[in-house]
Amino acid sequence: MSDTKDVSTPTDGEDTEVLDEGTKSILMGIIAQLGKSTDLHRVTLPTFVLEPRSMLERITDFMSHPELIINANHIEDPVERFVAVTRYYLSGWHIKPKGVKKPYNPILGEQFRAQWKFADGTEAFYVAEQVSHHPPISAFYYASPENNLSIVGDLLPKSKFLGNSAATLMQGEIKVSFTNRPGEDYIITMPNIYARGILFGTMLLELGDVASVKCPKLDLVCNLDFKVKGFFSGSYNGISGKIKRESTGETLYEISGKWSDEIYIKKGAKKDVLFDVKASTIHPKVVASEEQQEPNESRRLWSKLTAALKVNNQDVATTEKCKVEDEQRARTKEREDHGLPHVPRYFEANGTGGFDIKLKNISPDPLEAKRQIADFVFNTPAPA
């Protein structure tokens, strides 16, 4: 498919949403109480803006094409391996709900656990935990020891009201490591997310601003520009970037296209498809049924809210959302009244503003490491 077609409007309509008058009047009532640049994390948003899953689960979108990152480790050429890691990173953005929605804000101590089973018999494990509520910080860990893969990250989404837009500014970073390549860590940052047209016009979801993939050991960096559409010109969901030798500034590859469709990579006059959304297949994750989950696991915790949203019962959804949030406030007050700090279950502060997993001394033997990690994810007792 050519990347020169007319893209003045979203091609599939899934990024847009038109609100009815009743819904818009509710939103306008909330916005009327806000000032520009107000932090929306402390504002209770109506349930019709919610995507029916937690932010802790939404992070797994970046594990939807695990073969990309697993196969990257099999590439011996370091530049091509870096390109493959960049491809993996760019593959997660196309997965999104219809319309303009945001995932649930996780409550303090909430967790989400999952695993992936691969055709060759290997597996991957994932755990995410809300380690802080003010500010909101989601920490997560994904590992496939048989494939020498470890991903750890923490995200601090900060929402702001910007007039006719609401922005989610994505702070924090992700570290991708191949455990059989000591010191070869890929540090990834995120673009920001914008909901446009919340006061007038059609509501639209866009990614904007800059993000990067960097590997200091390989002396390589990819600076990416997620492009928002201009008022009179430009296209939706555009992306551009360059892979460079960081020490010299030499450009090795150029990246272009649309993160929701086809992404291209160019070296000299040669241009190839880096990732094609239409040709991709999402690898399913395995999640325990709600009956088997602990009370603070995302799907069980928000199950009644999710059920109400799926049948568009906003009254019940609002009630169930408030129940979960009120119970959290009560637990927080009780803990603070007794002078007790919140202790995360799976993660600990690393002293540099981020979080690391508590699991230490992971075996170099892949099968023993698999046993250790599975036991850590599914059997670690909650703090007293």
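All values derive from a computational prediction rather than experimental measurement.

1. Observations regarding the nonpolar core
Membership of the largest hydrophobic core comes to 60 residues, with the highest contact counts inside it found for Tyr89 and Phe226. When residues in this core are grouped by element, the largest group, 8 residues, is from helix α4 (residues 78-90). Those residues within four positions of Phe226 in sequence are excluded, and the remaining contacts are Tyr89, Leu90, Trp93, Pro191, Leu207, Gly208, Asp209, Ala211, Gly238, Ile239 and Trp259. By size, the runner-up hydrophobic cluster in this structure holds 17 residues, among which are Phe125, Leu156, Phe347 and Phe376.

2. Remarks on the packing of aromatic side chains
Under the counting rule described, the total for this entry stands at 13 aromatic pairs. Relative to Tyr89, the ring of Phe62 has its centre 6.3 Å away and its plane inclined at 15°; by these criteria the two rings are stacked. Placement of Phe62 in the loop between α2 (55-58) and α3 (66-72) and of Tyr89 in helix α4 is noted, with a sequence separation of 27 residues between them. We classify Tyr89 as buried; its relative accessible area is 2%. Here the aromatic rings of Phe125 and Phe378 are separated by 6.3 Å at their centres, their planes lie at 75°, and the arrangement is edge-to-face. Taken together, the residues Phe125 in strand β5 (residues 123-132) and Phe378 in helix α8 (residues 366-379) connect sequence positions 253 residues apart. Looking at Phe125, the relative accessible area reads 3%, which means it is buried. Judged by relative accessible area, Phe378 falls into the partly exposed class, the value being 30%. Each residue in the set Phe112, Trp116, Tyr126, Phe140 and Tyr142 is aromatic and connected to the rest through ring pairs, giving one cluster. Sitting over the ring of Tyr264, Lys271 keeps its end group 4.8 Å from the ring centre.

3. What about unusual backbone geometry?
The residue after His134, namely Pro135, is reached through a cis peptide bond having omega 0°. Tracing the chain through its elements places Pro135 in the loop between β5 and β6 (137-144). The phi angle at Asn148 is positive, at roughly 55°, despite the residue not being glycine. Assignment of secondary structure puts Asn148 in the loop between β6 and β7 (149-161). Backbone geometry at Asn361 places phi at a positive 55°, although glycine is not the residue there. Its location among the elements puts Asn361 in the loop between β18 (355-357) and α8. Looking at Asn361, the relative accessible area reads 74%, which means it is exposed.

4. Focus on α4
When the terminal C-alpha atoms of α4 are compared, their 19 Å separation across 13 residues agrees well with the 18 Å that a helix rising 1.5 Å per residue should span. Along α4, 10 of the 13 residues are buried, which leaves the element largely enclosed by surrounding structure. Those residues of α4 lying buried are Val79, Arg81, Phe82, Val83, Ala84, Val85, Thr86, Tyr88, Tyr89 and Leu90. Between the side-chain oxygen of the N-cap and the backbone nitrogen of Val79 there are 3.1 Å, and the N-cap of α4 in question is Asp77.

5. Looking at the environment of Leu224
Looking at the secondary structure, you find Leu224 in strand β12 (residues 220-227). Using a relative accessible area of 1% as the deciding quantity, one classes Leu224 as buried. Distance from Leu224 to Glu254, taken between C-alpha atoms, is 9.8 Å for residues 30 residues apart in sequence.

6. A closer look at the pattern of salt bridges
Tallying each qualifying case throughout the model produces 25 salt bridges. Across the pair Arg58 and Glu51 runs a salt bridge, and its minimum N-O distance is 3.4 Å. Among the salt bridges present, the one from Lys285 reaches Glu57, with a minimum N-O distance of 3.8 Å. With a gap of 228 residues between them, Lys285 in the loop between β16 (270-276) and α5 (298-301) and Glu57 in helix α2 connect regions that are remote in the sequence. One connected set of salt bridges, linked through shared partners, spans Glu51, Arg53, Arg58 and Asp61.

7. What about the side chain of Asn147?
Along the polypeptide, Asn147 turns up in the loop between β6 and β7. Using a relative accessible area of 10% as the deciding quantity, one classes Asn147 as buried. Of the polar contacts made by the side chain of Asn147, one reaches the side chain of Thr122; its length is 3.2 Å. Ignoring anything within four residues of it in the chain, the contact list for Asn147 reads Ile70, Asn73, Phe118, Asp120 and Thr122.

The rules behind each value
The residue count restarts for each chain, going from 1 along the sequence in the order it is written. Side-chain atom pairs in this predicted model are given and counted only at pLDDT of 80 or more, local residue features only at pLDDT of at least 70, and totals for whole chains, interfaces and linings cover all residues. Heavy atoms from the whole structure form the basis of all side-chain values; hydrogens and water molecules are not counted. For the purposes of this section, nonpolar cores are sets of buried Ala, Val, Leu, Ile, Met, Phe, Trp, Tyr and Cys residues that join through side-chain atoms within 4.5 Å. Any residue under 20% of the maximum accessible area for its type is buried, any over 50% is exposed, and the rest in between are partly exposed; the area is computed with a 1.4 Å probe on protein chains only. A run of H or I in DSSP becomes a helix once it reaches four residues, and a run of E becomes a strand once it reaches two; helices and strands are each numbered from the N terminus. Contacts are residue-level and defined by heavy atoms, with any inter-residue pair within 4.5 Å sufficient. Each aromatic pair joins two rings of Phe, Tyr and Trp (for Trp, the six-membered one) with centres within 6.5 Å, and gets the label stacked for planes under 30 degrees apart, edge-to-face for over 60, and tilted for any other angle. A ring is scored as having a charge over it whenever the NZ atom of a lysine or the CZ atom of an arginine sits within 6 Å of its centre and within 35 degrees of its normal. One less than the residue count of a helix, multiplied by 1.5 Å, gives the span that helix is expected to have. Polar contact is defined as a pair of N or O atoms within 3.5 Å, subject to the rule that within protein one atom must be able to donate a hydrogen and the other to accept it, and that residues adjacent in sequence are counted only when both atoms are side-chain atoms. Salt bridges are identified by distance alone: a Lys or Arg side-chain nitrogen within 4 Å of an Asp or Glu carboxyl oxygen.

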